[in-house]
Amino acid sequence: MQLRYNYRAYPDASQRRALAQAFGCARVVWNDCLRDRKKAHAAGRPYVKSAELSRLRITQAKHTEERAWLADVSAVVLQQALRDLDTAYKNFFDSVTGKRQGRRVGPPRYKSKKDTRQSIRLNTNAFSLKDDFTVYVAKVGHLKVRWSRPLPAAPSSLTVTKDSCGRYFLSFVVDTEPDILPRLETESGIDLGLSAFAVLSDGTKIHSPRFLRRAEKKLKRLQRELSRKVRGSKNRAKARIKVARQHARVADRRRDWHHKASTQIIRENQAVFVEDLAVSGLGRTRLAKSVYDAGWSAFVGMLEYKAALYGRTFAKVGRAFPSSQVCSACGLRDGPKPLHVREWTCGGCGTVHDRDHNAARNVLFEGRRIVAAGWVETPNACGASVRRAHVPARRVEAGSPRKGQTTQAGIPGL
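Report follows, based on the coordinates.

Rules and cut-offs
Residues numbered from 1 in each chain as written. Predicted model: local features only at pLDDT ≥ 70, side-chain atom pairs only at ≥ 80, totals over all residues. Heavy atoms only, no water. Axes fitted to C-alpha atoms, helices over the stretch in contact; angles between N-to-C directions. Helix = DSSP H or I, 4+ residues; strand = E, 2+ residues; numbered from the N terminus. Parallel < 35°, antiparallel > 145°, perpendicular 65-115°, else oblique. Contact = heavy atoms within 4.5 Å. Nonpolar A, V, L, I, M, F, W, Y, C, P; charged D, E, K, R; others polar. Pairing = 2+ DSSP bridges. Salt bridge = Lys/Arg side-chain N within 4 Å of Asp/Glu carboxyl O. Buried < 20%, exposed > 50% of the residue type's maximum accessible area, 1.4 Å probe, protein only. Disulfide = S-S within 2.5 Å. Left-handed = near helix turned anticlockwise from the far one by under 90°. Phe/Tyr/Trp six-rings, centres within 6.5 Å; stacked < 30°, edge-to-face > 60°. Lys NZ or Arg CZ within 6 Å of the ring centre and 35° of its normal.

1. Structural notes on the packing of helix H4 (residues 211-227) against helix H5 (residues 234-268)
To characterise two packed helices, one gives the angle between the axes of the helices and the distance between these axes.
Stage number 1. Viewed as axis vectors pointing N to C, H4 and H5 meet at an angle of 170 degrees, and their least axial separation amounts to 9 Å. When the axis of H4 is compared with that of H5, the two are roughly antiparallel. Contacts between H4 and H5 involve Phe211, Leu212, Ala215, Lys218, Leu219, Leu222, Gln223, Leu226 and Ser227 from the first element and Arg236, Ala239, Arg240, Lys242, Val243, Gln246, His247, Arg249, Val250, Arg253, Arg254 and Trp257 from the second.
Stage number 2. Its residues assigned to classes, the contact of H4 with H5 comprises ten nonpolar, four polar and seven charged.

Here's what the structure looks like:
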């Protein structure tokens, strides 16, 4: 199983310049190779192979006057940029042909130096862990790192990232074995919502912190200050950093809360079932801000990979399942109900239901049925998975979303 561990890095001034140069060189190689393939496709020529692009846009480009500065960064960074482009094209082709499940992936797009996120990827030939608790990156130097926890094994790859507010992070991919927890008898169905973030089938309610709503007043003030600054001025750049830091603070708090809540649910239940919500559809309604503030997709993703990590059973109930329309006591389907109806009485058995609790119980029953039908991989009697679930380590996958759709965040670091 591959896991990703993220750590905050603190490069000095010279190292920040070297990283900025590495980000720029990787971006130039990506754009040059993408441009060659687009031109070949427009002219009706065959798909340009990676070996040919590596020879033209990396090896030979270093000896030209306009691309001589490519030799100032590690060759691993340039080669990895080309590999990421190949991965982006493969994801696009697999999505078009139907081999790739889920949301449609668009063709790769050009990268800009104004992107809020800049990153490079390295393999073990271009970085190493030192005894003085620093990380050596080729042609950058020894980076000071804040180690929040030790790595469980030797990392196989490293991603250096700079976010929108100027913070640097090191993300290590580590191959580890699942940490199987003792078997329990409890199972839980989860109904996600807005009034309460989650309601469990046993009646437990997890209230939503609403981090964005709480920070909205300060964000509005910072946005007003940003809008008053002259475009291109240094004061506008400083104001933009303040806004980005506030948004990053909100995202960090939400992510930390998601991790704590998901870990507690996984540790206390042998099986967890959750409804597969259409978040992208809800994001186009008047509830969009509240929906994205809740962060359901990230939370469900954490439940999924932590279930595989700790040997628990996890299943998604289809979004077409009428969890709010069926009585969990007698099974009578009582029809759809508007959102303002929070309690209702079953017309068959007369049971008074709380809307969210009843939906969570129905999700639990439907999840058990899905598991019994053999549609989900479950742990055997010894606690080990019958078929080990694949948990990808890449947080942001190479590729481009379709127009009008945002990228999907993958699995964040533990």
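2. Focus on the pairing of strand E1 (residues 2-9)
Stage number 1. Pairing of E1 with strand E8 (residues 168-175), which is carried by eight bridges, proceeds in the antiparallel orientation. Of the residues in E8, the one forming a bridge with arginine 4 is valine 173.
Stage number 2. Sheet analysis places E1 next to strand E6 (residues 141-146), joined by two bridges and oriented antiparallel. Within the sheet, the bridge partner assigned to alanine 9 lies in E6 and is valine 145.

3. Description of the pattern of salt bridges
Stage number 1. Under the definition given, this model contains 19 salt bridges.
Stage number 2. Between aspartate 276 and arginine 319 there is a salt bridge, with the nearest N and O atoms lying 3.6 Å from each other. Of this pair, aspartate 276 sits in the loop between strand E12 (271-275) and helix H6 (279-282) while arginine 319 is found in the loop between strand E13 (313-317) and strand E14 (343-345), placing the two residues 43 residues apart along the sequence.
Stage number 3. Note on aspartate 276: relative accessible area 27%, which makes it partly exposed.
Stage number 4. Bridged by salt links that share partners, the residues Asp163, Arg167, Asp252 and Arg255 form one connected network.

4. What about the sheet that holds E6?
The strands making up a sheet associate through backbone hydrogen bonding, with each pair oriented either parallel or antiparallel.
Stage number 1. Judged by pairing direction, the sheet is antiparallel, and its seven strands sit side by side in the order E3-E7-E8-E1-E6-E5-E4 without closing on themselves. Of all strands in the sheet, those with a lone pairing partner are strand E3 (118-123) and strand E4 (127-129), marking the two edges. With strand direction ignored, the average angle separating the axes of adjacent strands in the sheet is 30 degrees.
Stage number 2. Summarising the sheet, E4 and strand E5 (residues 134-137) pair through three bridges and their orientation is antiparallel. Along E5, the bridge assignment pairs phenylalanine 127 with valine 137.
Stage number 3. Those strands touched by helix H1 (residues 13-42) are E3, E6, strand E7 (157-162) and E8, and its axis lies near 90 degrees from that of E3.

5. With respect to the state of the cysteines
Stage number 1. Under the counting rule described, the total for this entry stands at zero disulfides.
Stage number 2. Considering cysteine sulfurs only, cysteine 25 is the nearest to cysteine 33, which forms no disulfide, with 13 Å between them.
Stage number 3. Using a relative accessible area of 0% as the deciding quantity, one classes cysteine 33 as buried.

6. Topic: the packing of H5 against helix H8 (residues 296-310)
Stage number 1. Contact pair H5 / H8: the axes reach a minimum separation of 9 Å and the direction vectors enclose 45 degrees. In terms of orientation, H5 lies oblique with respect to H8. In the packing of H5 onto H8, the handedness of the crossing is right-handed. On H8, the residues that touch Arg255, His258, His259, Ala261, Ser262, Thr263, Ile265, Ile266 and Arg267 of H5 are Ala298, Phe299, Met302, Leu303, Tyr305, Lys306, Ala307 and Tyr310.

7. Some words on the pairing of E5
Side-chain positions along a regular strand alternate between the two faces of the sheet.
Stage number 1. In this antiparallel pair of consecutive strands, E4 and E5, the connection spans four residues, and phenylalanine 133 shows a positive phi of 65 degrees.
Stage number 2. Pairing analysis gives four bridges linking E5 to E6, with the strands arranged antiparallel. Residue pairing across strands places valine 137 opposite glycine 141, the latter belonging to E6.
Stage number 3. From the end of E5 to the start of E6, which pair antiparallel, there are three residues, and lysine 139 there has a positive phi angle of about 60 degrees.

8. Observations concerning unusual backbone geometry
Stage number 1. A positive phi is found at phenylalanine 133, a non-glycine position, where the angle reads about 65 degrees.
Stage number 2. Tracing the backbone shows phenylalanine 133 in the loop between E4 and E5.
Stage number 3. Backbone geometry at lysine 139 places phi at a positive 60 degrees, although glycine is not the residue there.
Stage number 4. Counting through the fold element by element, lysine 139 comes out in the loop between E5 and E6.

9. Description of the packing of aromatic side chains
Stage number 1. Scanning the entire structure with this criterion turns up ten aromatic pairs.
Stage number 2. Put simply, the rings of Tyr7, Phe127, Trp147 and Phe172 touch in pairs and so form one group of aromatic residues.
Stage number 3. When the ring centre of tryptophan 30 is taken as origin, the NZ or CZ atom of lysine 111, which lies over that ring, is 4.1 Å away.
Stage number 4. It is lysine 337 that lies over the ring of tryptophan 344; its NZ or CZ is 4.1 Å from the centre.

10. Quick look at the sheet that holds strand E9 (residues 187-192)
Stage number 1. Reading across the sheet, the five strands line up as E11-E10-E9-E12-E13 and stay open at both edges, with mixed pairing between neighbours. Across the chains shown, the open sheet's two edge strands, defined by having one partner strand only, are strand E11 (205-206) and E13.
Stage number 2. Sheet topology places E9 next to E12; four bridges connect them, and they run parallel. Across the sheet, serine 188 pairs through a bridge with valine 272, a residue of E12.
Stage number 3. The strands touched by H8 within the sheet are E9, E12 and E13, with E13 carrying the most contacts at an inclination of about 145 degrees.

Any link to function would need more than the numbers given here.
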